[in-house]
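Okay, here's what each chain looks like letter by letter:
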Amino acid sequence: MKQYITCAIPYVNAAPHAGHALEFIQGDTIARYHRLLDSEVILLSGADENALKNVQAAESLGENVQAFVDKNAKLFQDLAEKLNVRFDVFQKGSDEKHHLASQKLWQLCAEQGDIYKKSYKGLYCVGCEAFYTPDELDEKGECFEHPGKKLEEVKEENYFFKLSSYQDKLLQLIESEKYQIIPSFRKNEVISFIKSGLQDFSISRTNKRAKNWGVPVPGDPNQREYVWFDALNIYQSGIGFGWDEEKYKKWWPADLHVIGKGIIRFHAVYWPAILLSAGLALPKKLFVHDYITINGQKMSKTLGNIIDPLEVIKKYGTDALRYYLLAKVSPFTDGDYSDEKMLETYNADLANGLGNLVARIAKLAEKVSFEITQTTEIFDPLVKERLEQFKFNEALGAIWQDIAALDKKINEVQPWKLEEEKLKEFLSESAVKIRSIALSLKPFLPETADKILQQFSGQVTSSAPLFPRI
Ligand SMILES: [Zn+2]
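The paragraphs below set out a description of the structure included in this document. It should be emphasised that the depicted structure is a prediction, and the values quoted were computed from it without experimental measurement.

1. Quick look at the overall build of the chain
Across its full length, the chain carries 18 helices and 17 strands. C-alpha extents for the chain along the principal axes are approximately 85 × 45 × 40 Å. Evaluated residue by residue, the chain yields a buried proportion of 43% over its 470 residues. The long-range fraction of contacts in the chain, counting pairs at least 24 apart against all pairs at least 6 apart in sequence, stands at 75%.

As structure tokens, this is what we get:
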């Protein structure tokens, strides 16, 4: 079995923040789960480097665009490493192979007669790299994702993609769940958007507006591919499309795209339509998560409340941040982060909950030189069920119930009062439970899970606390 999982391809016009960490960790948890089931897995992300935003950001710093995107893409890769997120592929948009792949995709759509040129005037959000109609904007005429930023009125001759031709097909594929959108309220949003009528959309811009940056349009030296057309294609170019057919055939279609709610239209409407046009298979599932708020407010540069995940890792450790983002941030509503909540969660759930339980049992085991001879741990079926629905918080909730139950049992049995044979019997039972907890934790907190499994194999001894109290 293969599983091809993707995280969204971030713009690399600025350093990553906690929102990127959330999505990287979610994708990684799903990928690790499938690796545990013995699937062959590719987890992909990359860098959306052809966006105008990157050119503008580089210019404002007086830097070369390529050097600028290389430097920033590296920040995202470094973050992934610090989060213990294992991307098998990190595909850069400025990569030559990606250019080849995106020109191939264009040609396939053009051969179907789905690409045409026309003069266009519209309101353009540089933040989204998208055109909007006035009814799609807020009362101030600003985009919902980028309040405070004026839209530009842009007039030029562009290539358009015949999205309108795919309205019925898309509706049928999404309603029948051949392309499954999770959660269902997001699916319903997409369905009503499609039913409201799909407009053809621009997929190129002039060299002048693109500042000669991005993928050249095949056969037209004056235009570059519009950023979304090529950025979405990173999902294909990263696994061989246009440069290694055998590899591509093995991995495509994606089994799962993981994205934030802000880019749902591109993934649920534009992307499948482009693939349909090109005669390529559609991804199977789209999981749409919500955002992290900070102390109840949207994270934004203007509010100055951007959380740097690296600072949190420095103070609490990688697995503590993974735990917070998976357990305390609901995947389907906005979830809040605050320093107080982080500290409270760390001490209550990790230092006192998991860490204390493991230490208690290890100490008892050491007292009688207890040795584990058979390992019969199981992955909690409830965790499995919830993980397959992307309910990370509920999956961890189930594991923490197991932790609480074992804690309660220790308090009731008072094993420290038992004579040696009885104590060893109690420890055998408890060790299986601890190992089952650790196994179920593997996709979420890989490092902690491995430490516990190592500690609870062979002769069990005490060790340094997993999560020292802060
Ligand atoms: Zn916007």
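2. Notes on the nonpolar core
Of all hydrophobic cores here, the largest spans 125 residues; its most connected members are Ala21, Tyr270 and Ile274. Take this core: its biggest share by element is 10 residues, from helix α14 (residues 339–367). Alanine 21 has contacts with Leu79, Leu83, Pro309, Leu321 and Leu325, leaving out every residue within four places of it along the chain. Cys125, Cys128, Cys143 and Leu151 belong to the second-largest nonpolar core, a separate cluster that totals 7 residues.

3. Focus on the sheet that holds strand β13 (residues 292–294)
Strand order across the open sheet formed by 3 strands is β14-β13-β15, with mixed pairing between neighbours. Each edge of the open sheet carries a strand with a single partner, namely β14 (297–298) and β15 (335–337). As paired strands, β13 and β14 are joined by 2 bridges and run antiparallel to one another. In the sheet register, isoleucine 294 faces β14, and the bridge partner there is glutamine 297.

4. Overview of helix α13 (residues 318–328)
Counted residue by residue, α13 has 10 buried out of 11 residues, so it is predominantly covered. Here α13 has its buried residues at Thr318, Asp319, Ala320, Leu321, Arg322, Tyr323, Tyr324, Leu325, Leu326 and Ala327. Looking at the buried side of α13, the elements it contacts are α1 (18–36), α3 (65–82), α12 (309–316), α14, α16 (392–413) and α18 (446–455).

5. Remarks on the environment of leucine 43
Mapping leucine 43 onto the fold places it in strand β2 (residues 40–47). Apart from the residues lying within four places of it in its own chain, the contact partners of leucine 43 are Ile5, Gly27, Asp28, Ala31, Arg86, Phe87 and Asp88.

6. Quick notes on the sheet that holds strand β1 (residues 2–7)
Pairing is parallel in the open sheet, where 6 strands are placed in the order β3-β2-β1-β11-β12-β7. Strands with a single pairing partner mark the edges of an open sheet, and in this sheet they are β3 (89–92) and β7 (180–182). Sheet twist, expressed as the mean angle between neighbouring strand axes with direction ignored, is 20°. Bridge analysis of β1 against strand β11 (residues 256–260) gives 3 bridges, and the strand direction is parallel. Bridge pairing in β11 links isoleucine 5 to leucine 256.

What counts and how
Residues numbered from 1 in each chain as written. Predicted model: local features only at pLDDT ≥ 70, side-chain atom pairs only at ≥ 80, totals over all residues. Helix = DSSP H or I, 4+ residues; strand = E, 2+ residues; numbered from the N terminus. Buried ≥ 20, exposed ≤ 12 C-beta atoms within 10 Å, placed from the backbone. Contact = placed C-beta atoms within 7 Å. Core = buried A, V, L, I, M, F, W, Y, C linked by C-beta atoms within 7 Å. Pairing = 2+ DSSP bridges. Axes fitted to C-alpha atoms, helices over the stretch in contact; angles between N-to-C directions.

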